[in-house]
Amino acid sequence: MPPVFAHGRLRLYLLKLLDEAPRHGYEVIRLLEERFQGLYAPSAGTVYPRLAKLEAEGLVTYATEGGRKVYSITEAGRAELADRRGELADLELEIRDSVSELAAEIRADVRGAAGDLRREMRAAASATATPVEDASWAAAKEELRKAKHEWKEQARRAKDESRRAREEAQQARRQAKEAQERAREEVQRIAAQFQEQFAKSGGMLGSLAGAWLGGGSGSTHSGTGAKSATSAAASGSDWAEDLTATADPARDLDRLLDRFRDDVRDAARDHGVSPAQLAEARAHLAAAAARVTGTLRDTL
């Protein structure tokens, strides 16, 4: 027991800690260690008997929580703490002085140990100057060599892992770009097929194909529709060229589908659509949906 807690001072300080908040025994020990900045920590055999005595005197009480006794100060305990307020203030000052003294003692011990270590190192260095090395010194040098080798190996492995990660990232970007290009080429190929089918059917379907493939306005007459579809075929590879590709193929596909939907809606709004044309357009769209879905399942 440090002198600062002589004559019932630890008992008083335990009441102070419990007045701050209810605590279990281990927490009391930890707080005392913190107050002494880690320089002193009372044992369980010091703290728990005093807590039991305070409980027997009616100054503290406890409740069991999670298998632990959590101690709380009673009104009688607070009354004693108030009566000894001046003594408690002196105790706080003494604790600070005690911490300083303990720190000074530890610094002195460290300085002495450091001096001993320096002397031992000088003696070891002198021994290495002789033709025959000391066995312990040779073992230390071997351990140092092994440690340096292990550090180099760890650095090499970290460098290899970093290089592999960069290569995998580059490969993933290439694959994403290739998948995006394949999807775009497939959409354009299907668009060209639609154009041929719409050109044969004429009328509204020719106008829809022309609008989808960027052929401009269409006509409800089969001749004009075929002409528009033919013009669209010539520019089919340029359809949606203004949509700049990104690093996300799924997002680019959504943008292409949005463009297709807008073109078809514009053609229907401008030229109208009959029940027969709607039925034929539905058949073509169903075929297109099946073809695009199958393509994406195979390539993405």
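Computed from a predicted model, the values in this text were never measured in an experiment.

What counts and what doesn't
- Residues numbered from 1 in each chain as written.
- Predicted model: local features only at pLDDT ≥ 70, side-chain atom pairs only at ≥ 80, totals over all residues.
- Heavy atoms only, no water.
- Phe/Tyr/Trp six-rings, centres within 6.5 Å; stacked < 30°, edge-to-face > 60°.
- Buried < 20%, exposed > 50% of the residue type's maximum accessible area, 1.4 Å probe, protein only.
- Lys NZ or Arg CZ within 6 Å of the ring centre and 35° of its normal.
- Axes fitted to C-alpha atoms, helices over the stretch in contact; angles between N-to-C directions.
- Helix = DSSP H or I, 4+ residues; strand = E, 2+ residues; numbered from the N terminus.
- Parallel < 35°, antiparallel > 145°, perpendicular 65-115°, else oblique.
- Contact = heavy atoms within 4.5 Å.
- Nonpolar A, V, L, I, M, F, W, Y, C, P; charged D, E, K, R; others polar.
- Core = buried A, V, L, I, M, F, W, Y, C linked by side-chain atoms within 4.5 Å.
- Pairing = 2+ DSSP bridges.

Visitor: Explain the packing of aromatic side chains to me, please; I cannot follow it from the model alone.
Guide: What characterises a pair of aromatic rings is the spacing of the ring centres plus the angle enclosed by the ring planes. Evaluated as defined, the whole model comprises one aromatic pair. Between Tyr-62 and Tyr-71, the aromatic rings sit 5.8 Å apart at their centres with planes inclined by 55°, giving tilted as the arrangement. You can call Tyr-62 partly exposed: its relative accessible area is 36%. Residue Tyr-71 is classed as buried on the basis of its relative accessible area of 5%. Here Lys-69 stacks its cationic end above the ring of Tyr-62, 4.5 Å away from the centre of that ring.

Visitor: In this structure, what is going on with the packing of helix 1 (residues 9-20) against helix 3 (residues 44-56)? I would like to understand it.
Guide: Contact pair helix 1 / helix 3: the axes reach a minimum separation of 10 Å and the direction vectors enclose 75°. The angle between the axes of helix 1 and helix 3 places the two elements in the roughly perpendicular class. For the pair formed by helix 1 and helix 3, the contact residues are Leu-10, Arg-11, Leu-14, Leu-15 and Leu-18 on the first element and Thr-46, Val-47, Arg-50, Leu-51 and Leu-54 on the second. Of the residues assigned to the contact of helix 1 with helix 3, the class counts are seven nonpolar, one polar and two charged.

Visitor: Is there a simple way to explain the nonpolar core in this structure?
Guide: The nonpolar side chains of a soluble globular protein tend to be buried, and buried together. In this structure, Tyr-13, Leu-14, Leu-15, Leu-18, Val-28, Leu-32 and Val-47 are the most contacted members of the largest nonpolar core, which totals 24 residues. The dominant element in this core, judged by the number of residues it contributes, is helix 1, at seven residues. Not counting chain neighbours up to four residues away, the residues in contact with Val-28 comprise Leu-14, Leu-17, Leu-18, Arg-23 and Val-47. The next biggest cluster of nonpolar side chains, apart from the first, holds nine residues, and it includes Ala-183, Val-187, Leu-256 and Phe-260.

Visitor: Whenever I open this one, the sheet that holds strand 1 (residues 23-24) confuses me. Can you help?
Guide: The pairing of strands in a sheet comes from backbone hydrogen bonds and takes either a parallel or an antiparallel form. Overall, antiparallel pairing links the three strands, which are arranged 1-3-2 in an open sheet. Two strands lie at the open edges of the sheet, namely strand 1 and strand 2 (60-65), each paired on one side alone.

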